[in-house]
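# Structural description and commentary
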Amino acid sequence: MYSTWYERVPKVELHLHLEGAIPHDALWALVRKYDGTSLVADLDALQAKFVYRDFPHFIETWNWKNQFLREYADFTFIAEAVAHDLAAQNIRYAEMYFSPTDFRRVLPDIQRIAAAVRAGLDRVPQIEIALVPDIVRDMQPDYCARTLAKLHEVRALGIIGITIGGREDKHPPEPFAPLYEEARRLGFHTSAHAGEAAGADSVWGAVRALRVDRIGHGTRAVEDEALLDYLAEQRIPIELCPLSNVRTGVIASIEQHPARRFFERGLLLSINTDDPKMFGNSLADEYRALEDRLDFTRDEIRALILQGIESSWLSPERKLQMANEFRADPNWLNSVA
């Protein structure tokens, strides 16, 4: 079933957007459902849409794609398709972002979106997926606070934390400090996209003002030596997305990605795909790129997988159990090919 070790080895993923992970055949089905063939004539034309000049162009394409999600049932459909795709990659556990406020004009009930997503995920028992809503920073903080309250009411759907994505370069983290304080009071874990479309100051804002449990991306923390020291000393996990950063132009090439430097500085890292069907990458591709282009060894990749488990929001008992299961897996050490 799996042709390479990167595919065979058991994996976790902590920075994955549902709406950016829709398999192309599933998205094409939605395009046809909503008579979108005047916009993209066929599956090849759809796939050609996912090439970006820069990060703003990626956001533009993200919003373009979202027009084909118009009914609550569409979220059940894509969640099931994404879960099948992840399970087929031998990803055992994921903490998945989804962005219900992006659809507020056509699907205003964010609780129904969350329920629809969970219904789709529950159809694929081969993988465990927790949900982390993206309370998009492009919205005003008071709107985000109302969103948080609504999501808290349905946290039994497996909602375990929050993040803020969106236009980081236009919306700094500091105004969202009260939102994050309330999220902690309600018992949610917290992450924030930072250091992707904005510099090291954005990461400082996330750790100082938002007091996040994890940093999404964090790539541009490399610009500040004191920040690297702080992240290492505090063991604040970084959700790295190397190939995503190259596809959106945040990093010019994979060889220039700071993953190697972060690892050697002792930062706590996980490796992730971000929006894999919009970037044409898989978690196996990420590991292969680390080995082929950044000189990571197989032992170091195994260490990164275990750091992903450590960085997760599972209980300490489940983390230990999962790490032991991974080490006992016959493909853990069998790294031929």
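What counts as what
- Residues numbered from 1 in each chain as written.
- Predicted model: local features only at pLDDT ≥ 70, side-chain atom pairs only at ≥ 80, totals over all residues.
- Heavy atoms only, no water.
- Pairing = 2+ DSSP bridges.
- Helix = DSSP H or I, 4+ residues; strand = E, 2+ residues; numbered from the N terminus.
- Axes fitted to C-alpha atoms, helices over the stretch in contact; angles between N-to-C directions.
- Contact = heavy atoms within 4.5 Å.
- Left-handed = near helix turned anticlockwise from the far one by under 90°.
- Nonpolar A, V, L, I, M, F, W, Y, C, P; charged D, E, K, R; others polar.
- Right-handed = clockwise from strand over helix to strand, strands pointing away.
- Phe/Tyr/Trp six-rings, centres within 6.5 Å; stacked < 30°, edge-to-face > 60°.
- Buried < 20%, exposed > 50% of the residue type's maximum accessible area, 1.4 Å probe, protein only.
- Salt bridge = Lys/Arg side-chain N within 4 Å of Asp/Glu carboxyl O.
- Expected span 1.5 Å × (residues − 1).

Next up on the list: the sheet that holds strand E1 (residues 11-17). Strands sit in the order E1-E2-E3 across an open sheet of three strands; the sheet is parallel. Taken across any chain shown, the strands that pair with only one partner, and hence form the sheet edges, are E1 and strand E3 (128-133). Between one strand and the next, the sheet's axes are offset by a mean angle of 15°, whatever the strand orientation. Bridge count for strand E2 (residues 91-98) against E3 is six bridges, and the pairing is parallel. Residue Glu95 lies in a different strand from E3, and its bridge partner there is Ala130. Packed on one face of the sheet, helix H14 (residues 283-294) meets E1 and E2 and runs near 105° to E1.

Our focus in this paragraph is the packing of helix H9 (residues 200-208) against helix H10 (residues 225-234). As a packed pair, H9 and H10 sit with axes 10 Å apart at the nearest point and diverge in direction by 35°. The handedness of the crossing between H9 and H10 comes out as left-handed. Every residue of H10 that contacts H9 at Ala200, Val203, Trp204 and Val207 is listed here: Ala226, Leu227, Tyr230 and Leu231. Among the residues forming the contact of H9 with H10, the class breakdown is eight nonpolar, no polar and no charged.

To continue, consider the pairing of strand E6 (residues 214-217). Sheet analysis places strand E5 (residues 189-194) next to E6, joined by four bridges and oriented parallel. Its bridge partner lying in E6, Ser191 is registered against Arg214. With H9 bridging E5 and its parallel neighbour E6, the resulting β-α-β unit is right-handed. Judged from the two bridges that link them, E6 and strand E7 (residues 238-240) form a sheet pairing that is parallel. Directly across from Ile215, in E7, lies its bridge partner Ile238. Each parallel crossover has a hand, and the one from E6 via H10 to E7 is right-handed.

We now examine the packing of aromatic side chains. In the structure shown here, the tally under the stated rule is 11 aromatic pairs. Their ring planes at 45° and their centres at 5.9 Å tell us that Phe55 and Phe58 sit as a pair that is tilted. In this pair, Phe55 and Phe58 both sit in helix H4 (residues 55-66), three residues apart, roughly one turn of the helix. As far as burial versus exposure is concerned, Phe55 and Phe58 are alike and both buried. Between Trp64 and Phe68, the aromatic rings sit 5.3 Å apart at their centres with planes inclined by 80°, giving edge-to-face as the arrangement. Residue Trp64 is classed as buried on the basis of its relative accessible area of 17%.

Attention now goes to the pattern of salt bridges. According to the stated counting rule, one finds 24 salt bridges in the structure shown. The closest approach of N and O atoms between Lys277 and Asp85, which form a salt bridge, is 3.3 Å. Of the two residues, Lys277 is situated in helix H13 (residues 276-279) and Asp85 in helix H5 (residues 72-88); the sequence distance between them amounts to 192 residues. For Lys277, a relative accessible area of 22% gives the class partly exposed.

For Gln307, the position within the fold is in helix H15 (residues 298-311). By relative accessible area, Gln307 is classed as buried at 15%. In this structure, Gln307 is in contact with Phe263, Leu267, Leu268 and Leu269, ignoring residues within four places of it in sequence.

Here we take up H14. Helix length check: H14 (12 residues) gives 16 Å between terminal C-alpha atoms against 16 Å at 1.5 Å per residue, within 8%. Here H14 has its buried residues at Leu283, Ala284, Glu286, Tyr287, Ala289, Leu290 and Leu294. Trailing H14 by a residue or two, Asp295 shows a phi angle of about 65°, which is positive.

Here the focus is the pairing of E2. Burial runs high along E2: seven of the eight residues are buried. Bridge count between E1 and E2: five bridges; the pairing is parallel. Residue pairing in the sheet places Val12 in a bridge with Tyr93 of E2. Taking the sense of rotation as the criterion, the β-α-β connection linking E2, helix H6 (residues 110-121) and E3 turns out right-handed.

Remember, this is a structural readout, not a statement about activity or role.
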